[in-house]
Amino acid sequence: MVGVADLPKQKVERLITSLEEFDRVLGGDDPGVVRGSVVLLSGHPGVGKSTLLLQVAAKINRSLYFSAEESLQQLTMRTQRLGINSKSLLISAERDINRIIAAIAKEKPDFVVIDSIQTIYDESVPGTPGSLVQIRENTWRLAQYAKTTDTAILLVGHVTKEGSIAGPKALEHLVDAVLFLEGEKRTGLRILRVDKNRYGPTDEVGIWQLEKTGFQSVEDPGKLFASLVGDDVPGRALSIAIEGSRAFLIEIQALVSKTNYGYPKRTAQGIDPNRLNVLVAVLENRLDLPLYNYDIYINVVGGFTVKDPGVDVAIVAAIISGLTKKPLSDKLVTMGEIGLLGEIRPASDQAKRKKEVGRLKYQSATQINSVNQLRQLYK
């Protein structure tokens with residue numbers, strides 16, 4: 001047993017990758033990958049997980065990359081396309097966990113990538129690669145090795161059709177950080193989020209454009225999102241979302257159409273479907289809108305997922321606009337959180353949001369206190 005006063009005081013040592021977006025996501029004001037940590041990265045197929053991690057591994061001295069899903073020939077093509085020729089990065093197509101750990105012990109790298117944990121196997125453990133017992137056992141062994149040797153290990157994890165990490169939830173408890181890479185193929189926009197982080201904040205995001213030469217950092221995400229804003233038509237609303245230390249202009253689109261079924265559809269991409277149901281209920285109850293007769297589809301442009309309640313007003317404004325066929329005023333940005341009683345509370349970090357509105361030369365809506373006052377926003 002150790003008293004609190006006797007706990008080690010040394011600072012956590014981190015590996016800097018020089019990919020500022022990646023480093024900041026893991027550490028915030030103290031960026032980088034912590035030595036001895038185990039990080040789990042997941043994302044839908046084709047989003048660019050392997051490409052991102054090859055770029056990360058190439059930036060760290062003495063890195064090992066184990067690709068159990070691609071052959072060395074495929075990896076050769078990828079590294080040539082990305083312009084990676086680092087001699088300190090060693091690549092293997094090994095899948096046996098015992099041989100992987102033996103190779104790590106021999107080379108003594110600072111950073112290891114396992115792509116993916118679902119394809120690694122141990123012949124002494126029952127079950128096929130990807131089974132619950134194999135994933136749990138292999139992750140535990142890698143985590144123990146990382147802690148005892150101060151080796152940073154990053155695991156790639158598959159996701160289910162619902163978007164959650166495949167395998168047991170215990171997998172997330174065995175690692176120190178859980179990252180999720182998301183994006184939309186049409187725009188090439190990629191966003192890295194943190195679901196868990198024992199060594200840093202969980203509200204930071206990294207933003208890139210995925211191009212032929214790999215992940216390119218977005219220096220001004222505000223203007224990038226502004227470039228995605230569409231024409232001034234009914235069913236669209238603008239807002240400022242806060243993610244970590246950043247403020248983004250986002251466009252929310254709503255399609256409201258007469259339902260042909262007994263039960264209206266509620267579909268949301270980029271926002272929580274449960275939140276959409278609550279906001280629709282508020283509109284029905286407080287404004288007497290007959291939304292029970294309409295299907296409602298909500299989409300956040302650019303493939304961005306918004307968890308910020310400060311965009312509630314924009315969601316509601318887009319729905320009303322789609323229902324009444326009346327567009328919002330041009331370049332009008334709405335912000336605020338809506339309560340169950342129909343009241344609108346100011347969004348957090350109001351000053352940061354207004355500063356971003358002014359920088360992009362948009363117009364901020366005057367303070368609205370209830371959903372009843374939303375009608376004044378429309379032309």
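All values derive from a computational prediction rather than experimental measurement. (Residues numbered from 1 in each chain as written. Predicted model: local features only at pLDDT ≥ 70, side-chain atom pairs only at ≥ 80, totals over all residues. Heavy atoms only, no water.)

Student: Which parts of the structure should I look at to understand the environment of Glu-123?
Tutor: Looking at where Glu-123 falls in the secondary structure, it is placed in the loop between strand S6 (111–115) and helix H5 (132–149). For the pair Glu-123 and Gly-262, spaced 139 residues apart in sequence, the C-alpha to C-alpha distance is 54 Å. (Helix = DSSP H or I, 4+ residues; strand = E, 2+ residues; numbered from the N terminus.)

Student: Before we go on, may I ask you to explain the packing of aromatic side chains in this structure?
Tutor: Given two aromatic rings, one states the distance between the centres and the angle between the planes to describe the pair. Using the criterion set out here, one finds two aromatic pairs in the structure. Between the aromatic rings of Trp-208 and Phe-215, the centroid separation amounts to 5.6 Å while the plane-to-plane angle is 85 degrees, which identifies the pairing as edge-to-face. Residue classification places Trp-208 among the buried residues on the basis of a relative accessible area of 0%. Ring geometry for Phe-248 and Phe-304: centres 5.5 Å apart, planes at 80 degrees, overall edge-to-face. Of this pair, Phe-248 sits in strand S13 (residues 246–258) while Phe-304 sits in the loop between strand S15 (294–300) and helix H9 (312–324), placing them 56 residues apart in sequence. Side by side, Phe-248 and Phe-304 carry an identical accessibility label, which is buried. Residue placement shows Lys-331 over the ring face of Tyr-362; its charged tip is 5.2 Å from the ring centre. (Phe/Tyr/Trp six-rings, centres within 6.5 Å; stacked < 30°, edge-to-face > 60°. Buried < 20%, exposed > 50% of the residue type's maximum accessible area, 1.4 Å probe, protein only. Lys NZ or Arg CZ within 6 Å of the ring centre and 35° of its normal.)

Student: How should the pattern of salt bridges be read in this particular structure?
Tutor: Side chains that differ in sign of charge can pair as their charged atoms come close. The full count for this structure, using the stated rule, is 20 salt bridges. For Arg-24, the salt bridge is made with Glu-21, and the minimal N-O distance between the two is 3.2 Å. With Arg-24 and Glu-21 both in helix H1 (residues 20–27) and three residues apart, this pair spans about one turn of that helix. Glu-337 is the salt-bridge partner of Arg-345, the closest N and O atoms lying 3.5 Å from each other. The exposure class assigned to Arg-345 is partly exposed, which follows from its relative accessible area of 35%. Relative accessible area serves as the criterion here: at 26%, Glu-337 is assigned to the partly exposed category. (Salt bridge = Lys/Arg side-chain N within 4 Å of Asp/Glu carboxyl O.)

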